[in-house]
Amino acid sequence: MKIFFLDQSGKPGGAELCLIDIAKPYQDNCLVGLFADGSFKNLLEENQIPVEILTNNQIQVRKESNLAQGLGSITQLLPLIQKVAKIARNYDLIYANTQKALVVGALASFISRRPLVYHLHDILSPAHFSKTNRMIAVNLANKFASLIIANSLASKDAFIAAGGNPKLTEVVYNGFDSQLYQIDPFETNTLRDNLEITDKFVVGHFSRLSPWKGQHILIEALVKSPPQVIILLVGDALFGEKDYVDKLHQQVAKLGLENRVKFLGFRDDIPQLMAACNLIAHTSTAPEPFGRVIVEAMLSAKPVIAAKAGGAVELIEPGIDGFLVTPGEPEELAQVITSCVENPDTTNQLAISAKQNASKRFDVSIINQQIAKLLQQFSSN
Ligand code: UDP
Ligand code: GLC
């Protein structure tokens, strides 16, 4: 089967990293079309996945756009839609991986008469998207998509609550290669030495720096955590959230935590860094659609504390393979961190169960089989 994948981002967010795993089995028969240049293109090339940048014009529509702005940007997209429709004629299927890809893919699928699959990586709720954006996404998906793959039950439920067609929607979780998270302890010790964290209790936070990812909540919790606790913030502002980055640095300075918070920026050695942590925290203040970092922490056999909302609730069974805390509550987070520092044996036992459970539930080869089965109906062979 020949698949034309579409993604709006030039940078590798979670939806893009997930797309690499989905496109890989089709690498001899697919093309990934991007609406922006950037390091995501390099990652696809490293994975031998054919990729083309389809436009150099920035697409103006934002998560909070109103109707006039939304419709205005559709007009602006016409040349791109025509280009996508032309390329799509050489493929069996258009697979839209992001919301702007859905807008372009929907109209291109109509023009080219190719079926459309929409991979929904978002929770289409007021906390994340304007009414206009929700309306555009739901209507286009209902009218043009033959299948909607939601990354969690939470994303599926929000889509249906926003008017999405339940009959079109299937849940498929992100898949992971658990082998990547087996790190040599010698390598981990060297990394801890290099980062000067050898004798610390290291809480890692792995995420782009963005207000709803809640790095500020973890920094606030640090004040109430035991003195040997330090934080590694891994990630950068991927989508223009520079003000938030400045605020985080100011917060650290104001609280006098400069020696206990390290900003590592965007990294591509996530399994190695996770192995160097004692605990991993996920602190999103709005419901997380899926939460790749939570599964990655589990596969790294690290105890994980996640914000109890959205997809996170489907990933962790509290007290069995992780901890869930109320989103946006630094006091509660500090209490759980403290309890993990004080009870290493029970916490590590839980982390071992997490690794076992996550390796089974999110095995990339099983997830890819689920997707292949769903896509089979679109094969022309
Ligand atoms: N990530 C990364 N480098 C970083 C920070 C994060 O490669 O410096 C990865 C992380 O390992 C995860 C993805 O980015 O696979 C983020 O996905 P997630 O689903 O957690 O959140 P998103 O940013 O997509 O909302
Ligand atoms: C999106 C979501 C994130 C999810 C990822 C992969 O980026 O924000 O929660 O894990 O897609 O599906």
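Here the structure is shown first, and the text comes after it.
Presented here is an overview of the structure given in this document.

Criteria and cut-off values
Residues numbered from 1 in each chain as written. Chains lettered and ligands numbered in written order. Predicted model: local features only at pLDDT ≥ 70, side-chain atom pairs only at ≥ 80, totals over all residues. Heavy atoms only, no water. Phe/Tyr/Trp six-rings, centres within 6.5 Å; stacked < 30°, edge-to-face > 60°. Lys NZ or Arg CZ within 6 Å of the ring centre and 35° of its normal. Axes fitted to C-alpha atoms, helices over the stretch in contact; angles between N-to-C directions. Helix = DSSP H or I, 4+ residues; strand = E, 2+ residues; numbered from the N terminus. Contact = heavy atoms within 4.5 Å. Near = heavy atom within 4 Å. Polar contact = N/O pair within 3.5 Å; in protein donor to acceptor, adjacent residues only side chain to side chain. Areas by Shrake-Rupley, 256 points an atom, 1.4 Å probe, with all protein chains shown as cover. Nonpolar A, V, L, I, M, F, W, Y, C, P; charged D, E, K, R; others polar. Pairing = 2+ DSSP bridges. Parallel < 35°, antiparallel > 145°, perpendicular 65-115°, else oblique. Core = buried A, V, L, I, M, F, W, Y, C linked by side-chain atoms within 4.5 Å. Buried < 20%, exposed > 50% of the residue type's maximum accessible area, 1.4 Å probe, protein only.

1. Description of the packing of aromatic side chains
Argument step 1. For the structure on display, the rule yields six aromatic pairs.
Argument step 2. Aromatic rings pair up to connect Tyr173, Phe290 and Phe362 into one cluster.
Argument step 3. The ring of Tyr91 has Lys2 lying over it, and the distance from NZ or CZ to the ring centre is 5.1 Å.
Argument step 4. A cation over a ring is seen here: Lys143 above Phe144, with NZ or CZ 5.8 Å from the ring centre.

2. Section: the packing of helix H12 (residues 292–299) against helix H15 (residues 344–361)
For any two helices packed against each other, the geometry comes down to the angle between their axes and how far apart the axes lie.
Argument step 1. At a minimum axis distance of 7 Å, the contact between H12 and H15 shows a crossing angle of 115 degrees. Within the contact between the two elements, H12 uses Val295, Met298 and Leu299 and H15 uses Ala351, Ala354, Lys355, Ala358 and Ser359.

3. So, the site of ligand 2
Argument step 1. The immediate surroundings of ligand 2 are formed by Gly14, Ala15, His121, Asn151, Asn174, Glu288, Pro289, Phe290, Gly291 and Arg292.
Argument step 2. Between ligand 2 and the protein, one listed contact pairs an oxygen atom with a backbone N or O atom of Arg292 at 3.4 Å.
Argument step 3. For ligand 2, whose free accessible area comes to 310 Å², the fraction covered by protein is 92%.
Argument step 4. Among the residues forming the shell around ligand 2, the class breakdown is three nonpolar, five polar and two charged.

4. So, the site of ligand 1
Argument step 1. Of all residues adjacent to ligand 1, which total 15 residues, the nearest are Gly14, Arg208, Lys213, Arg267 and Glu296.
Argument step 2. For ligand 1, an oxygen atom lies 2.9 Å from a polar atom in the backbone of Arg292.
Argument step 3. Here Val293 contributes a backbone N or O atom positioned 3.2 Å from an oxygen atom of ligand 1.
Argument step 4. In isolation ligand 1 exposes 540 Å². Once the protein is present, 90% of that is buried.
Argument step 5. For the shell around ligand 1, the residue count by class is five nonpolar, four polar and six charged.

5. Regarding the sheet that holds strand S5 (residues 116–120)
Hydrogen bonds between backbone atoms are what pair the strands of a sheet, whose relative direction is either parallel or antiparallel.
Argument step 1. One open sheet holds the seven strands; their spatial order is S3-S2-S1-S4-S5-S6-S7, and the pairing between them is parallel. Sheet topology places strand S3 (51–53) and strand S7 (169–171) at the edges, where each strand pairs with a single neighbour. For this sheet, the mean inter-axis angle between neighbouring strands, taken without regard to orientation, is 20 degrees.
Argument step 2. Of the strand pairs in this sheet, S5 and strand S6 (residues 145–150) are connected by five bridges, and their pairing is parallel. Among the inter-strand pairings, His119 is bridged to a residue of S6, identified as Ile149.
Argument step 3. Its contacts with the sheet put helix H1 (residues 14–23) on strand S1 (3–7), strand S2 (30–34), strand S4 (93–96) and S5, and the angle it makes with S1 is roughly 175 degrees.

6. Re the packing of helix H9 (residues 215–223) against helix H10 (residues 242–254)
Argument step 1. Between H9 and H10, whose axes approach to 10 Å, the crossing angle comes to 5 degrees. Of the possible angle classes, the one that applies to H9 and H10 is roughly parallel. Contacts from Gln215, His216, Ile219 and Glu220 of H9 reach H10 at Tyr244, Leu248, Gln251 and Val252.
Argument step 2. When its residues are assigned to classes, the contact of H9 with H10 shows four nonpolar, three polar and one charged.

7. Comments concerning the nonpolar core
Argument step 1. With 61 residues, the main nonpolar core has Ile3, Phe5, Tyr95 and Leu375 as its most contacted residues.
Argument step 2. With residues near it in sequence (within four places) discarded, Ile3 still touches Tyr26, Asn29, Cys30, Leu31, Tyr91, Leu93, Tyr95 and Leu375.
Argument step 3. In this structure, Leu6, Ile136, Leu140 and Ala145 belong to the second largest nonpolar core, which totals 38 residues.

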